[in-house]
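# Geometric and topological summary
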2 protein chains.
Amino acid sequence: MAHERTSTGPVNIAVIKYWGKRDTELILPTNSSISITLSQDQLRSKTTIRASPKFTKTRLWLNGVEEHNLDNNIRLQNCLRATKKLRKEYEDQLSDEIGIDNVQPISSYNLHICSENNFPTAAGLASSASGFACLVYTLSQLYELPISTTELSKIARQGSGSACRSLFGGFVNWQMGIKQDGSDSQALQIAPHDHWPELAALICIVSDAKKGTSSTEGMQNTVKTSTLLQYRINNVVPERMKSMTNAILHKNFNKFAEITMKDSNQFHACCLDTFPPIFYLNDVSRSIIRVITEYNNTTGRPDEFKAAYTFDAGPNAVIYALKQNIPEIINIISKYFPPSKNNVSYFSDPYNLFPNEKENIGKLSLPNNFNENIIPVFPDDSVKQILHTRIGNGPRINHDSLLNPNGYPKNLKS
Amino acid sequence: MAHERTSTGPVNIAVIKYWGKRDTELILPTNSSISITLSQDQLRSKTTIRASPKFTKTRLWLNGVEEHNLDNNIRLQNCLRATKKLRKEYEDQLSDEIGIDNVQPISSYNLHICSENNFPTAAGLASSASGFACLVYTLSQLYELPISTTELSKIARQGSGSACRSLFGGFVNWQMGIKQDGSDSQALQIAPHDHWPELAALICIVSDAKKGTSSTEGMQNTVKTSTLLQYRINNVVPERMKSMTNAILHKNFNKFAEITMKDSNQFHACCLDTFPPIFYLNDVSRSIIRVITEYNNTTGRPDEFKAAYTFDAGPNAVIYALKQNIPEIINIISKYFPPSKNNVSYFSDPYNLFPNEKENIGKLSLPNNFNENIIPVFPDDSVKQILHTRIGNGPRINHDSLLNPNGYPKNLKS
């Protein structure tokens, strides 16, 4: 008899950045981090896993394309091994309680795993966090594992470090831990997704001709060569973890924005202090920072902010802001980074912010005191897409399988 | 009777960067720095100063345009006051020795100062260092001041911090000093210009649409807001000062190159860690770094380098390399950052490196193992000019006055 579960998992965007591992196999970070889980209405991974005694081997399809040599995929194997081990223990315990004949030995079955993202990989959004969170969550459901989300986060962490944060909705702390075996390097929820309903996010997808350094490779070069990273780890992050947690708990946007921007800047500063240096920000990214800085200047107070930018290991900007300011920010970004005429997916307005003036976005009036000449307007499609989204939940069960009755992907790409 | 002196002064490019003042009036830096003085054959400031009892006020012309409100130019006044004071002491001493009637009271005369750079200000090259060094040197000659160059450097420092380094040729250490009055913040020569004759420099003038943050303003924002700068000042620079001095003294290019690149990167990292962040590198600058990194990769050894990039407070790259590698580097830069057809000043080959193949620069063969696809070729004139120069002397006397017999600039712009 075949067993199957499907679930979806969210993307998370860090506001205190994770950069550097103290153990590359167990994926133990050099510092704690804080992230926000984004709504799955816009961005999500979806995974179906079927276990069957009829499957001759475990197979994996990512976005309709089979991944081969799974044995060499150590991170995947770590997640499969850890969950299977827990399932086996659970089966043994159940056998003791209700008799071995009444327990399905699913832990011994091979798996067909099918995973898809609803956002293009080309967009440069970190898909490994949502992907591994979704994988591990689906395994926990398939195996009916009797463990907490925080326990599960330690397994997801071994797939992709930041995946541990995507197991929770809302505001999430990945405690770096200090133990060598990683048993205290885990995710905890600071506050649920509906704690701060005024907060929203804009993702600006930035064109980039150059292929960047992978974060896995990049962060270890920073650990090896940056003299500034150690100072950040020991002297800057611990204080910021406390301040950011407080800012979130008290919904203090000014403090939240200040730390978010400073921490993004410092992460990229450490990349630049790497030898040879790593660059993720390009001229468009930097100009988004200038535009948001000028937008924040319109408050007239250096400690009062209307928007906070943050950048991961790529040129895309994520802008956190209170909902009331989102239309203004979309208008400003669209003014300086306009779409080409054929770019129909530039901004889809999922929350219907511009019911009557969608064609005027980018031409609406700017805030008072905004210095319009701060930067020249960029060529069309320098920002390819603006995604508007909100704070969301952790992984959830879905009933729409990605596998057909024979256990093969419904959407198979040749 | 009128007294007049003319001299020229060089540009210097730091390899251990100066960024941050502990005293903004006296211009006392937060860390020591090391620079190389470039040949005046390519880049120089030139200054004529005439002192006359007939002048009704002190006047200054920069590149043919009169500067007004000199009283508000505190840095200029500091240099004038300090040199006049020394002249007055010298006059008093001379009066005692040879009688007051035999001493010209030049210290009481007003001055006409005329200064020109032979490079366009638009090029974004730091002209204040060569300008103030030249001004103070010319004053010392006019006033016949009996002081050492190191003493004089303390005066030039008060005009523009890095000007103190341009008073020496060759390799120069600006000791930050620790005294509150600045009396130990001074320049010293590490080695003269002919110490390392194999070393040469290429300056790549990079187009930039955006107006950058001035270094005077920028560095104090870094001092105020960057958590990483203090670590750099206290824990990184002191060690690098020693290693760089040794590398220079032993003509160890590999070590010289490594520290030069790392220190440039760290300076820009601290700019990025400033809040709001300061950006001086643009996509062209970053791509020059990538190209030089790839060029260095062709040595096959991570500690062996053929070129070292360094960037000041702007997008222009300065590349230090041994002379034998300069043609190869010019060819590589020209390949990825080619000139437009009309750009006749792109590369003037002052040392006649390409006597028979100037038209093929940028099309010559690349070094073995060089990955040609490292970056795409940039649009024409992304690098506007490549200046090839060498290590040079400090300021020197010139006999071609910039003033006409009436004491006004020969080249006056209306």
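Cut-off values and rules
- Residues numbered from 1 in each chain as written.
- Chains lettered and ligands numbered in written order.
- Predicted model: local features only at pLDDT ≥ 70, side-chain atom pairs only at ≥ 80, totals over all residues.
- Heavy atoms only, no water.
- UniProt positions renumbered as here; feature names shortened; annotations may be inferred.
- Helix = DSSP H or I, 4+ residues; strand = E, 2+ residues; numbered from the N terminus.
- Rg over C-alpha atoms; globule rule 2.2 N^0.38 Å.
- Buried < 20%, exposed > 50% of the residue type's maximum accessible area, 1.4 Å probe, protein only.
- Contact = heavy atoms within 4.5 Å.
- Areas by Shrake-Rupley, 256 points an atom, 1.4 Å probe, with all protein chains shown as cover.
- Lys, Arg positive; Asp, Glu negative; His and termini not counted.
- Charge placed at Lys NZ, Arg CZ, Asp CG, Glu CD.
- Pairing = 2+ DSSP bridges.
- Core = buried A, V, L, I, M, F, W, Y, C linked by side-chain atoms within 4.5 Å.
- Buried area = accessible area lost by both parts, 1.4 Å probe.
- Salt bridge = Lys/Arg side-chain N within 4 Å of Asp/Glu carboxyl O.
- Nonpolar A, V, L, I, M, F, W, Y, C, P; charged D, E, K, R; others polar.
- Least-squares fit on C-alpha atoms with pLDDT ≥ 70 in both.
- Axes fitted to C-alpha atoms, helices over the stretch in contact; angles between N-to-C directions.
- 1 Å grid on protein atoms, 1.4 Å probe; cavity = no way out; pocket = protein on both sides within 12 Å on 5 of 7 lines; lining within 4 Å.
- Points joined across faces, edges and corners; volume = space filled by probe spheres on them.
- Parallel < 35°, antiparallel > 145°, perpendicular 65-115°, else oblique.
- Left-handed = near helix turned anticlockwise from the far one by under 90°.
- Expected span 1.5 Å × (residues − 1).
- Polar contact = N/O pair within 3.5 Å; in protein donor to acceptor, adjacent residues only side chain to side chain.
- Domains from an automatic or database assignment.

Chain A goes by Diphosphomevalonate decarboxylase in an unreviewed UniProt entry, where it is assigned to Rhizophagus irregularis. Regarding chain A, the UniProt comment filed under Catalytic activity (unreviewed entry) reads as follows: "(R)-5-diphosphomevalonate + ATP = isopentenyl diphosphate + ADP + phosphate + CO2". Per UniProt, the comment on chain A under Sequence similarities (unreviewed entry) is "Belongs to the diphosphomevalonate decarboxylase family."

Moving on, we get to the overall build of chain A. The helix and strand tally for chain A stands at 8 helices and 16 strands. Against the globule reference of 22 Å for 414 residues, chain A gives a C-alpha radius of gyration of 22 Å, in line with a compact fold. Structurally, chain A occupies a C-alpha span of about 75 × 45 × 40 Å along its principal axes. Out of the 414 residues in chain A, the part that is buried amounts to 59%. Considering only residue pairs separated by 6 or more positions, chain A has 77% of its internal contacts joining residues 24 or more positions apart. By element, 47% of the accessible surface of chain A is carried by carbon and sulfur atoms, the whole surface being about 17,100 Å². The centroid of the 43 positive side-chain charges in chain A is displaced by 2 Å from the centroid of its 39 negative side-chain charges.

To continue, consider the pairing of strand β9 (residues 110–117) of chain A. Residue and element names in this part refer to chain A. Most of β9 sits out of view: 7 of its 8 residues are buried. As paired elements, strand β6 (residues 44–52) and β9 share 8 bridges and run antiparallel to each other. Looking across to β9, one finds that Ala 51 is bridged to Leu 111. Pairing between strand β7 (residues 59–62) and β9: 4 bridges, direction parallel. Paired with Trp 61 across the bridge in β9 is Cys 114.

Time to look at the nonpolar core. Ranked by internal contacts, the top residues of the largest apolar core, which has 153 residues, are Phe256(A), Ile288(A), Phe337(A), Phe256(B), Ile288(B) and Phe337(B). Contacts of Phe256(A), omitting those with residues within four sequence positions, involve Val15(A), Ile36(A), Trp196(A), Leu199(A), Met244(A), Ala247(A), Ile248(A) and Tyr320(A).

Each partner contributes to the interface: chain A provides 33 residues, whereas chain B provides 33 residues. With both sides pooled, the region where chain A packs onto chain B buries about 3,100 Å², and carbon together with sulfur makes up 66% of that total. One can count 0 salt bridges joining chain A with chain B. Breaking the side of chain A that touches chain B down by element, the ones donating at least two residues are α5 (227–249), α6 (253–272) and α7 (283–297) of chain A. The biggest single contributor to the side of chain A that touches chain B is α6(A), with 9 residues. Of the residues contributing to the side of chain A that touches chain B, the split by class is 16 nonpolar, 8 polar and 9 charged.

Here we take up the relation of the copies chain A and chain B. With an RMSD of 0.0 Å, the fit of chain A onto chain B corresponds to turning through 180° and sliding 0.0 Å along the axis. Expressed as an axis order, the relation between the two copies is that of a two-fold axis. Closest approach to the rotation axis among the C-alpha atoms of chain A is made by Ala269(A), whose C-alpha sits 2.1 Å away. Looking at the interface residues of chain A, 100% of them are also at the interface in chain B, so both copies use one shared face.

Residue and element names in this part refer to chain A. Pairing is antiparallel across the open sheet formed by 4 strands, whose spatial order is β2-β5-β10-β11. Lying at the two open borders of the sheet, with one neighbouring strand each, are β2 (12–16) and β11 (186–191). Looking at each pair of strands side by side, their axes are set apart by 35° on average, direction ignored. Inspection of the sheet shows strand β5 (residues 33–37) paired to strand β10 (residues 171–175) by 4 bridges, in the antiparallel sense. Following the sheet pairing, Ile 36 is matched in β10 by Phe 171. Sheet strands touched by helix α3 (residues 149–157): β10 and β11. Its angle to β11, the strand with the most contacts, is close to 125°.

Before going further, it helps to spend a moment on empty space enclosed by the protein. Empty space among the atoms becomes visible once a probe the size of a water molecule is rolled across them. Under the counting rule described, the total for this entry stands at 1 cavity of 30 Å³ or more. Within this model, the largest cavity holds a volume of roughly 180 Å³. Together, 15 residues line the largest cavity, and Leu272(A), Phe279(A), Arg286(A), Leu272(B) and Phe279(B) are the ones closest to its centre. Breaking the lining of the largest cavity down by element, the ones donating at least two residues are α6 of chain A together with α6 (253–272) of chain B. Grouping the amino acids of the lining of the largest cavity by side-chain chemistry returns 11 nonpolar, 2 polar and 2 charged.

Turning next to the packing of α7(A) against helix α8 (residues 326–336) of chain A. Residue and element names in this part refer to chain A. Look at α7 against α8: their axes get within 11 Å of each other, and the N-to-C directions meet at 135°. What the angle tells us is that α7 and α8 run oblique. You can see that α7 and α8 cross each other, and the crossing is right-handed. Listed contacts from α8 to Ile 288, Val 291, Ile 292 and Tyr 295 of α7 are Glu 328, Ile 329, Ile 332, Ile 333 and Tyr 336. Considering only residue class, the contact of α7 with α8 consists of 8 nonpolar, no polar and 1 charged.

Moving on: α7(A). Residues and elements named next belong to chain A. Taking 1.5 Å as the rise per residue, α7 with 15 residues should run 21 Å; its terminal C-alpha atoms sit 21 Å apart, in good agreement. Counting buried residues in α7 gives 14 out of 15 residues, a clear majority hidden from the surface. One side-chain oxygen at the N-terminal end of α7 lies 2.9 Å from the backbone nitrogen of Val 284; it belongs to Asn 282.

Residue and element names in this part refer to chain A. Once the domains are mapped, chain A shows domain 1 (3–193) and domain 2 (199–390). Facing the 30 residues of domain 1 at the interface are 43 residues of domain 2. Of the roughly 2,900 Å² buried between domain 1 and domain 2 on both sides combined, carbon and sulfur atoms contribute 70%. Inspection of the region where domain 1 meets domain 2 yields 1 salt bridge. Across the salt bridge formed by Asp 312 and Lys 17, the nearest N and O atoms sit 2.6 Å from each other.

Another aspect to go through is the packing of helix α1 (residues 74–98) of chain B against helix α2 (residues 127–142) of chain B. Residues and elements named next belong to chain B. As a packed pair, α1 and α2 sit with axes 10 Å apart at the nearest point and diverge in direction by 20°. On the basis of their axis angle, the class for α1 and α2 is roughly parallel. Crossing angle aside, the handedness with which α1 passes α2 is right-handed. On α2, the residues that touch Arg 75, Leu 76, Cys 79, Leu 80 and Thr 83 of α1 are Phe 132, Leu 135, Val 136 and Leu 139. Across the contact of α1 with α2, the residue classes break down as 7 nonpolar, 1 polar and 1 charged.

Within helix α4 (residues 215–225) of chain B, the full set of buried residues consists of Gly218(B), Met219(B), Gln220(B) and Thr222(B). Contacts from the buried residues of α4(B) go to β3 (21–23), α5 (227–249) and α6 of chain B.

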